[in-house]
Amino acid sequence: MTYCANLETCLRHGEHSDIDERNLFSELKVMNDVCSKETRKPMEVLNYLKLMGDCLPNAWTAYRILLTIPVPVAFGERSFSKLKLIKSYLRSTMSQERLNGLAMLSIEKDMVPKLDYNSLITTFAAKNARRVMFK
């Protein structure tokens with residue numbers, strides 16, 4: 001009930017509010033009983049509310065607002081913390097391209113085992129300018 005009251009306060013403009021705290025609380029209680037265990041993700045609940053039509057207007061408004069709130073930018077923070085680990089004093093002379101590559105490998109470490117190393121080595125060897133082809 002406290003969270004519903006806080007949401008109503010946040011959505012209040014003068015005397016008008018987009019939701020009513022008591023109605024929202026009762027709608028969420030009904031949804032908790034009616035929704036199955038599978039529809040627990042916010043997008044699934046919003047789709048369920050869309051199918052219900054105008055039966056639960058306060059919950060519909062609350063879920064639409066929930067899904068439009070921007071998420072924190074953890075990816076950028078994670079990138080900078082990884083960059084701090086990679087770019088040490090010993091590696092301060094490396095090129096920007098190599099630093100970017102190492103940072104991407106470190107950040108996307110769950111994708112690294114899926115890489116095909118043979119094709120990467122072949123591509124690198126073909127692009128190496130120092131290599132001289134003898135016939």
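Just above, that's the structure.
Rules used in this analysis
- Just so you know, the residues in each chain are numbered from 1, in the order the chain's sequence is written.
- Residues qualify for local features only when their pLDDT is at least 70, as the model is predicted, and side-chain atom pairs are given and counted only at 80 or more; totals for whole chains, interfaces and linings, by contrast, use all residues.
- Only hydrogens and water are removed before side-chain values are computed, so all heavy atoms of the structure are retained for them.
- Elements are defined by DSSP. Helices are runs of H or I of four residues or more, strands are runs of E of two residues or more, and each kind is numbered from the N terminus.
- Burial classification: accessible surface area is computed with a 1.4 Å probe over protein chains only, and a residue below 20% of its type maximum counts as buried, one above 50% as exposed, and the rest as partly exposed.
- In short, Shrake-Rupley with a 1.4 Å probe defines the accessible areas, and a residue's cover is counted only from the protein chains shown.
- In this scheme, a helix's expected span is set at 1.5 Å multiplied by one less than its residue total.
- What makes two residues a contact is simply this: any of their non-hydrogen atoms within 4.5 Å.
- What the arc measures is the spread of directions leading from the helix axis to the C-beta atoms.

**A short note on the overall build of the protein chain**
Along its length, the protein chain carries seven helices and two strands. If you list the helices and strands of the protein chain from N to C, you get α-β-β-α-α-α-α-α-α. Taken across its 135 residues, the protein chain has 20% of its residues classed as buried. Approximately 11400 Å² of the protein chain is accessible, and the part contributed by carbon and sulfur atoms is 61%.

**Here we look at helix H4 (residues 57-68)**
For the α-helix, the turn length of 3.6 residues means that residues three or four positions removed from each other point alike. Look at H4: 17 Å from first C-alpha to last across twelve residues, which is about the 16 Å you get at 1.5 Å a residue. Looking only at H4, the buried set comprises Asn58, Ala59, Thr61, Ala62 and Tyr63. Turning to H4, the residues buried within the fold contact helix H1 (2-10), helix H2 (21-34) and helix H3 (42-52).

**Quick notes on helix H6 (residues 96-107)**
Look at H6: 16 Å from first C-alpha to last across twelve residues, which is about the 16 Å you get at 1.5 Å a residue. Listed as buried for H6 are Leu99, Ala103 and Ile107. The buried side chains of H6 occupy one side of the element, clustering within an arc of 60° when seen end-on. Set apart from the buried face of H6 by more than 90 degrees, the exposed residues are Glu97 and Arg98.

**Some details on the environment of Trp60**
In this structure, Trp60 sits in helix H4. Classification of Trp60 as partly exposed rests on a relative accessible area of 24%. Distance from Trp60 to Val45, taken between C-alpha atoms, is 9.1 Å for residues 15 residues apart in sequence.

**So, the environment of Ser81**
For Ser81, the position within the fold is in helix H5 (residues 74-86). For Ser81, a relative accessible area of 37% puts it in the partly exposed group. Separated by 22 residues in sequence, Ser81 and Ala103 have C-alpha atoms that sit 10.0 Å apart.

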